[in-house]
Amino acid sequence: GQSLEQPSEVTAVEGAIVQINCTYQTSGFYGLSWYQQHDGGAPTFLSYNGLDGLEETGRFSSFLSRSDSYGYLLLQELQMKDSASYFCAVSDNYGQNFVFGPGTRLSVLP
Amino acid sequence: ETGVTQTPRHLVMGMTNKKSLKCEQHLGHNAMYWYKQSAKKPLELMFVYSLEERVENNSVPSRFSPECPNSSHLFLHLHTLQPEDSALYLCASSQSTSSSGANVLTFGAGSRLTVL
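Definitions and limits used
Residues numbered from 1 in each chain as written. Chains lettered and ligands numbered in written order. Predicted model: local features only at pLDDT ≥ 70, side-chain atom pairs only at ≥ 80, totals over all residues. Heavy atoms only, no water. Helix = DSSP H or I, 4+ residues; strand = E, 2+ residues; numbered from the N terminus. Rg over C-alpha atoms; globule rule 2.2 N^0.38 Å. Buried < 20%, exposed > 50% of the residue type's maximum accessible area, 1.4 Å probe, protein only. Salt bridge = Lys/Arg side-chain N within 4 Å of Asp/Glu carboxyl O. Contact = heavy atoms within 4.5 Å. Pairing = 2+ DSSP bridges. Core = buried A, V, L, I, M, F, W, Y, C linked by side-chain atoms within 4.5 Å. Axes fitted to C-alpha atoms, helices over the stretch in contact; angles between N-to-C directions. 1 Å grid on protein atoms, 1.4 Å probe; cavity = no way out; pocket = protein on both sides within 12 Å on 5 of 7 lines; lining within 4 Å. Points joined across faces, edges and corners; volume = space filled by probe spheres on them. Nonpolar A, V, L, I, M, F, W, Y, C, P; charged D, E, K, R; others polar. Polar contact = N/O pair within 3.5 Å; in protein donor to acceptor, adjacent residues only side chain to side chain.

Moving on to the overall build of chain A. Scanning chain A for helices and strands turns up zero helices and eleven strands. Secondary structure elements of chain A occur, N-terminal to C-terminal, as β-β-β-β-β-β-β-β-β-β-β. In summary, chain A has a C-alpha radius of gyration of 13 Å against a globular reference of 13 Å for 110 residues, a match within 12%. Principal-axis analysis of the C-alpha atoms gives chain A an extent of 40 × 25 × 25 Å. Evaluated residue by residue, chain A yields a buried proportion of 51% over its 110 residues.

In total, this model carries four salt bridges over all chains according to the counting rule given. The salt bridge partner of Asp82 of chain A is Arg59 of chain A, with a shortest N-O separation of 2.9 Å. Taken together, the residues span a long stretch of sequence, with Asp82 of chain A in the loop between strand 8 (70-75) and strand 9 (84-91) and Arg59 of chain A in the loop between strand 6 (53-56) and strand 7 (60-65) at a distance of 23 residues. The salt bridge partner of Glu44 of chain B is Lys41 of chain B, with a shortest N-O separation of 3.5 Å.

Before going further, it helps to spend a moment on the side chain of Asp85 of chain B. With respect to the helices and strands, the residue Asp85 of chain B is situated in the loop between strand 8 (73-79) and strand 9 (87-94). Here Asp85 of chain B is in contact with Lys36, Arg63, Phe64, Leu113 and Val115 of chain B, once residues within four sequence places are set aside.

With that out of the way, let us pick up the side chain of Ser61 of chain A. Looking at the element boundaries, Ser61 of chain A is found in strand 7. Every residue in contact with Ser61 of chain A, bar those within four places of it in the chain, is listed here: Glu56, Tyr72, Leu73, Leu74 and Gln76 of chain A.

Below, the discussion takes up the pairing of strand 7 (residues 64-70) of chain B. Strand direction decides the pairing type here: strand 7 of chain B and strand 8 of chain B, joined by five bridges, are antiparallel. Residue pairing for strand 8 of chain B: Phe64 of chain B is matched across the bridge by Leu78 of chain B.

By size, the foremost hydrophobic cluster in this structure holds 23 residues, and its most contacted members are Leu32, Trp34, Leu75, Tyr86 and Leu106 of chain A. Within the residue set of this core, elements represented by two or more residues are strand 2 (9-13), strand 3 (18-25), strand 4 (31-37), strand 7, strand 8, strand 9 and strand 11 (104-109) of chain A. Setting aside residues no more than four positions away along its own chain, Leu106 of chain A makes contact with Val10, Val18, Leu75, Leu78, Asp82, Ser83, Ala84 and Tyr86 of chain A. Of all hydrophobic cores here, the second largest spans 22 residues; its members include Leu11, Cys23, Tyr49 and Val115 of chain B.

Residues and elements named next belong to chain A. Spatially, 1-3-8-7 is the arrangement adopted by the four strands of the open sheet, whose pairing is antiparallel. Two strands lie at the open edges of the sheet, namely strand 1 (3-5) and strand 7, each paired on one side alone. Averaged over all pairs of adjacent strands, the angle between their axes in this sheet comes to 20 degrees, without regard to strand direction. Sheet topology places strand 7 next to strand 8; six bridges connect them, and they run antiparallel. In the strand pairing of strand 8, Leu64 is matched with Gly71.

Residue and element names in this part refer to chain A. Take Tyr24: it is sitting in strand 3. Residues Tyr24 and Gln6 lie 18 residues apart in sequence; the distance between their C-alpha atoms is 9.0 Å. Setting aside residues up to four positions removed in sequence, Tyr24 forms contacts with Ser3, Leu4, Phe29, Leu64, Ser65, Arg66, Ser69, Tyr70 and Val90.

Looking at the largest pocket, its volume works out to about 510 Å³. Forming the walls of the largest pocket are 26 residues, and the residues nearest its centre are Gln37 of chain A together with Gln37, Ser38, Ala39 and Arg112 of chain B. Of all elements in the fold, only strand 9 and strand 11 of chain A together with strand 9 and strand 11 (111-115) of chain B reach the threshold of two or more residues within the lining of the largest pocket. Broken down by class, the residue content of the lining of the largest pocket amounts to six nonpolar, 14 polar and six charged.

Attention now moves to the interface of chain B and chain A. Between chain B and chain A, the contact holds 26 residues from the first and 21 residues from the second. For the interface between chain B and chain A, the tally reads two residue pairs in polar contact (both at pLDDT 80 or more). For the side of chain B that touches chain A, the secondary structure elements donating two or more residues are strand 4 (31-37), strand 5 (44-50), strand 6 (53-57) and strand 9 of chain B. Ranked by the residues each element gives to the side of chain B that touches chain A, the list is headed by strand 4 of chain B, at three residues.

Next comes the structure, spelled out in structure tokens:
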């Protein structure tokens, strides 16, 4: 089977740096992606790290260890608007099968 | 506005009704996806279309029927649904399923479905 694990909740203060972890067990691996979703909104792409390269946006960066089946998303200079759910996703081929993690709820405190 | 538009945003239907969800993308992408998002569960991939041909069907019950008439439009036809099918249905698109453009999914805001 395929499974991804993330912490269910993370809390941090404004201006801080926070790391959201993701471990995965999948039959194949091509890349690890991260998405942000605000309540009632669409998931939006943040970062991709995989066999064919790296893409990152804004204050979001990512790390990947294929040998450990582990990755994390790093958010710097936290802002209140960063309070949202964050999902990691593993693709086992050219985007034909993204498997998503359960999501991490990030709360940013003033 | 993400460039992927879903309608309706909210839908309430009985178990005997037939309804359809619509997705339209204005990004020039060649691949489109349906995902299901239930409370306390990860996003579940339902269907993938690449260049209007279905390339993935993740063992979805036949009461869900997708249709992709062209690369910009995707439908999910619903009939004889069950209360456990109540969820947020998300449409997404990517540049293709055979290049690095497939690494980025652009999602719509979703259609919130309630089955009574």
